[in-house]
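Structural description and commentary
Listed below are the residues making up each chain.
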Amino acid sequence: MIRLILERRYFSSGTNGTLSLNGKEICKTIELPWRQNQRSISCIPEGSYRIRKRFSKKFKWHFEVLNVRNRQLILLHPANDALKELNGCIAPVMTHTGEGKGIQSRCALGQLKDKIDPFLEQGFVVELIIKARD
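So, a few notes on the structure that sits alongside this text. (Residues numbered from 1 in each chain as written. Predicted model: local features only at pLDDT ≥ 70, side-chain atom pairs only at ≥ 80, totals over all residues. Heavy atoms only, no water.)

We now examine the overall build of the chain. Within the chain, the regular secondary structure consists of two helices and 10 strands. Going from N to C terminus, the chain has its helices and strands arranged as β-β-β-β-β-β-α-β-β-β-α-β. In terms of overall dimensions, the chain has a C-alpha envelope of 40 × 35 × 30 Å along the principal axes. In the chain, once contacts between residues fewer than 6 apart in sequence are set aside, the share between residues at least 24 apart is 50%. (Helix = DSSP H or I, 4+ residues; strand = E, 2+ residues; numbered from the N terminus. Contact = heavy atoms within 4.5 Å.)

Within the structure shown, the criterion is met by two aromatic pairs. With a centroid separation of 5.7 Å and 90 degrees between ring planes, the pair formed by phenylalanine 119 and phenylalanine 124 is classed as edge-to-face. Since its relative accessible area comes to 23%, phenylalanine 119 is described here as partly exposed. Using a relative accessible area of 36% as the deciding quantity, one classes phenylalanine 124 as partly exposed. Above the ring of tryptophan 61, the side-chain terminus of lysine 53 is found at 4.7 Å from the ring centroid. (Phe/Tyr/Trp six-rings, centres within 6.5 Å; stacked < 30°, edge-to-face > 60°. Buried < 20%, exposed > 50% of the residue type's maximum accessible area, 1.4 Å probe, protein only. Lys NZ or Arg CZ within 6 Å of the ring centre and 35° of its normal.)

A word on the layout of surface pockets. The computed volume of the largest pocket comes to approximately 170 Å³. What lines the largest pocket is simply Arg54, Lys58, Phe59, Leu73, Leu75, His77, Pro78, Ala79, Glu85, Leu86, Asn87 and Cys89. In terms of residue class, the lining of the largest pocket is built from seven nonpolar, two polar and three charged. (1 Å grid on protein atoms, 1.4 Å probe; cavity = no way out; pocket = protein on both sides within 12 Å on 5 of 7 lines; lining within 4 Å. Points joined across faces, edges and corners; volume = space filled by probe spheres on them. Nonpolar A, V, L, I, M, F, W, Y, C, P; charged D, E, K, R; others polar.)

All right, on to unusual backbone geometry then. One non-glycine residue, asparagine 70, lies in the positive phi region at around 60 degrees. Position of asparagine 70 relative to the elements: it lies in the loop between strand E5 (60–65) and strand E6 (74–76). Look at asparagine 70 and you get exposed, because its relative accessible area is 54%.

Right, let's get into the nonpolar core. Ranked by size, the top nonpolar core spans 24 residues in total, and within it Leu4, Ile51, Phe63, Val65, Leu112 and Leu128 carry the most contacts. The greatest single-element share of this core, amounting to five residues, is contributed by helix H2 (residues 105–121). Excluding residues that lie within four positions of it along the chain, leucine 4 makes contacts with Leu19, Ser20, Leu21, Ile26, Leu112, Ile116, Val126, Glu127, Leu128 and Ile129. Ile30, Phe59, Ala79 and Val93 belong to the second largest nonpolar core, which has 10 residues in total. (Core = buried A, V, L, I, M, F, W, Y, C linked by side-chain atoms within 4.5 Å.)

Structural data, given as C-alpha cells:
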C-alpha cells in the first residue's frame, strides 16, 4: 500500500495543505474551509481514503477520492482559488498565495500524477491520509 499524507491548516476562507509521499513533499493543496462536511461548501473530513485514476472531458486524467462519508465525486483536480473553483474537491498547487489560493495547479497535478500513476498501474492501493498540521 502506498500512503499519501495531506497535512492541513484551516482558515476561515480556505484550507491549505502539504501533500507528501514517503516524507517528501510533492506539492501544496488548496480546499474549501471546514464547514462540517456540508456538500459543495466544505472540505472533506480528516481520515483515510483510497485514491483512483479518473478521466473526464473537463479535467482529463485526474484522481478521485473514494468512500467519503455523505459525499460523492470528490476529486483531485486543477484549481487556483478554492472558493471560486472547488465544490468540495482538493486542488494541488505549486505555491500557496493565500487562504485557499495557489498557483500552477496543472503543474502540481502533473507532479502528483508522475509520483502515483506508476503505483496505480502496478496495482498498488494508494491511500490518502488527511490530518491537521501541528
